[in-house]
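Structure at a glance
Chain by chain, the residues:
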Amino acid sequence: YVFVIGIFATMCSSLEHDGDGVFPYVSILEPVHDSLLPSEAIEIKTSVEIKGLSREQARSYRLILYLNGAIVYNVAASTGKVDLMLTISENGGSCFQLHFIEAVLADGDGWQLDGEGSRDFSRILRRCKDHAGVEAKRDSERTGVFDKIFQDFAWDPGSDGTRETRSGPGSYFARTEAVRTFVGQVLANHSARSLFDAGCGDAHWQHAIPGIKDIRYTGADIVGDMIEANRAAAAAAGWSSASFQVRDLVRDGVGGAYDVILCRDTLFHLPLTDAYRVLRAFDDSGSRLLVAHYDEDMAHNWPDIQAGGWHSINLL
């Protein structure tokens with residue numbers, strides 16, 4: 001799966017190979033990605049493996065383990081497998097809860113080491129016994145939140161007299177020039193014939209993406225009234241290759257494979273569990289490319305938000 005999301009850079013120390021061209025790396029063996037846990041408090045074994053370090057080199061390195069952005073272990077690195085115990089507390093009445101585990105190789109001062117193998121991630125998804133009923137309730141509440149934002153012009157209240165778009169200042173036409181140009185280049189460079197716009201909003205600027213009217217464009221959003229307005233506007237403008245769907249990305253996913261999925265300024269309005277489910281749906285769709293917003297300065301996607309709020313999010 002390909003992410004077209006720009007260039008990621010960070011301040012790090014350098015990893016040195018062992019003399020045979022082998023760089024040290026860390027990997028989380030347990031829990032595996034997407035492990036499903038019960039809702040009550042539980043202790044789980046976390047196994048981390050470090051390879052590519054001699055015993056002498058290991059003395060210069062630290063193994064740091066994060067749980068939801070907080071350091072839970074900071075121990076001397078060692079070669080081979082390391083077993084640690086993590087305590088996952090009760091989920092506090094929330095039916096769904098996503099926990100992030102990150103293992104990082106660091107130097108003696110705690111700086112993360114540079115190199116592809118210097119960090120690894122795992123995730124644990126927890127859900128309560130009545131998850132089907134609670135999920136349906138959350139779906140309804142999520143729809144209600146975004147319907148109200150649309151009806152109230154909540155993201156662009158017009159304090160400056162504009163009310164240019166119900167999708168908020170980030171969708172002002174003048175502020176989307178760079179993303180329009182970039183998406184147009186992606187379409188051209190990858191000979192794309194279809195694009196799925198995940199969280200299209202009121203489609204205020206998408207019609208001006210270079211080459212967009214020459215391909216199959218599908219805009220999806222959770223707000224039914226906005227989708228109806230988008231359909232009418234596209235028909236009036238003669239944009240025949242565009243279609244719009246009422247779709248809750250968390251619940252409904254994508255519904256097919258596309259050359260490009262565009263997801264701009266959408267995931268950061270969702271709780272982390274929901275954003276993760278959307279990303280999984282993108283992957284499961286069989287689509288080729290994802291163009292998505294992210295904030296490279298975010299070290300951890302924490303704390304969480306309620307649907308319709310906002311927080312910075314780093315997909316990497």
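Just above sits the structure.
Residues numbered from 1 in each chain as written. Predicted model: local features only at pLDDT ≥ 70, side-chain atom pairs only at ≥ 80, totals over all residues. Heavy atoms only, no water.

This part covers the sheet that holds strand β8 (residues 80–88). Strand order across the open sheet formed by 3 strands is β3-β5-β8, with antiparallel pairing between neighbours. Looking at strand neighbours, the two that pair on one side only are β3 (25–30) and β8, the edges of this open sheet. Strand after strand, the sheet turns through a mean of 30° between neighbouring axes, direction not considered. Judged from the 5 bridges that link them, β3 and strand β5 (residues 42–51) form a sheet pairing that is antiparallel. Looking at the pairing, glutamate 30 lines up with serine 47 of β5. (Pairing = 2+ DSSP bridges. Helix = DSSP H or I, 4+ residues; strand = E, 2+ residues; numbered from the N terminus. Axes fitted to C-alpha atoms, helices over the stretch in contact; angles between N-to-C directions.)

Here the second largest pocket is characterised by a volume of approximately 540 Å³. Every residue lining the second largest pocket is counted, 33 residues in all, and those nearest its centre are Trp155, Gly199, Asp221, Asp265 and Thr266. Elements represented by at least two residues in the lining of the second largest pocket include exactly α2 (131–151), β13 (216–221) and α5 (249–252). For the lining of the second largest pocket, the element with the most residues is α2, which contributes 4 residues. Looking at the lining of the second largest pocket, its residues break down into 16 nonpolar, 8 polar and 9 charged. (1 Å grid on protein atoms, 1.4 Å probe; cavity = no way out; pocket = protein on both sides within 12 Å on 5 of 7 lines; lining within 4 Å. Points joined across faces, edges and corners; volume = space filled by probe spheres on them. Nonpolar A, V, L, I, M, F, W, Y, C, P; charged D, E, K, R; others polar.)

Residues Leu289 and Val291 line one face of strand β16 (residues 289–292) and the alternating positions Leu290 and Ala292 line the opposite face, and both faces are buried. The pairing of strand β15 (residues 260–263) with β16 spans 4 bridges and is parallel. Bridge pairing in β16 places isoleucine 261 opposite leucine 290. With respect to chirality, the unit in which β15 leads through helix α6 (residues 272–284) into the neighbouring parallel β16 is right-handed. (Buried < 20%, exposed > 50% of the residue type's maximum accessible area, 1.4 Å probe, protein only. Right-handed = clockwise from strand over helix to strand, strands pointing away.)

Right, let's talk about the pattern of salt bridges for a bit. All told, the structure shown has 8 salt bridges when counted by the stated rule. Residue glutamate 49 is joined to lysine 51 by a salt bridge in which the shortest nitrogen-to-oxygen separation is 4.0 Å. Take lysine 51: its relative accessible area is 38%, and that puts it in the partly exposed class. Residue aspartate 265 is joined to arginine 264 by a salt bridge in which the shortest nitrogen-to-oxygen separation is 3.6 Å. For aspartate 265, a relative accessible area of 24% translates into the label partly exposed. Here the salt bridges share partners, and the residues they tie into one network are Arg142, Asp248 and Asp274. (Salt bridge = Lys/Arg side-chain N within 4 Å of Asp/Glu carboxyl O.)

For serine 287, the position within the fold is in the loop between α6 and β16. One polar contact links the side chain of serine 287 to the main-chain amide nitrogen of tyrosine 258, over a distance of 2.9 Å. Among the polar contacts made by the side chain of serine 287, one reaches the side chain of serine 285 at a distance of 2.8 Å. (Polar contact = N/O pair within 3.5 Å; in protein donor to acceptor, adjacent residues only side chain to side chain.)

Moving on to α6. Helix length check: α6, at 13 residues, gives a terminal C-alpha distance of 18 Å against a target of 18 Å (1.5 Å per residue), a fit within 8%. The complete set of buried residues in α6 reads Leu272, Thr273, Asp274, Ala275, Tyr276, Arg277, Val278, Ala281 and Phe282. The first or second residue beyond α6 is glycine 286, which carries a positive phi of 80°. (Expected span 1.5 Å × (residues − 1).)

Over the atoms, a rolling probe the size of a water molecule traces out where space has been left empty. Scanning all chains against the criterion turns up 1 cavity of 30 Å³ or more. There is about 30 Å³ of room inside the largest cavity. Lining the largest cavity, in full, are Cys263, Asp265, Thr266, Leu267, Phe268, His293 and Ile313. In terms of residue class, the lining of the largest cavity is built from 4 nonpolar, 2 polar and 1 charged.

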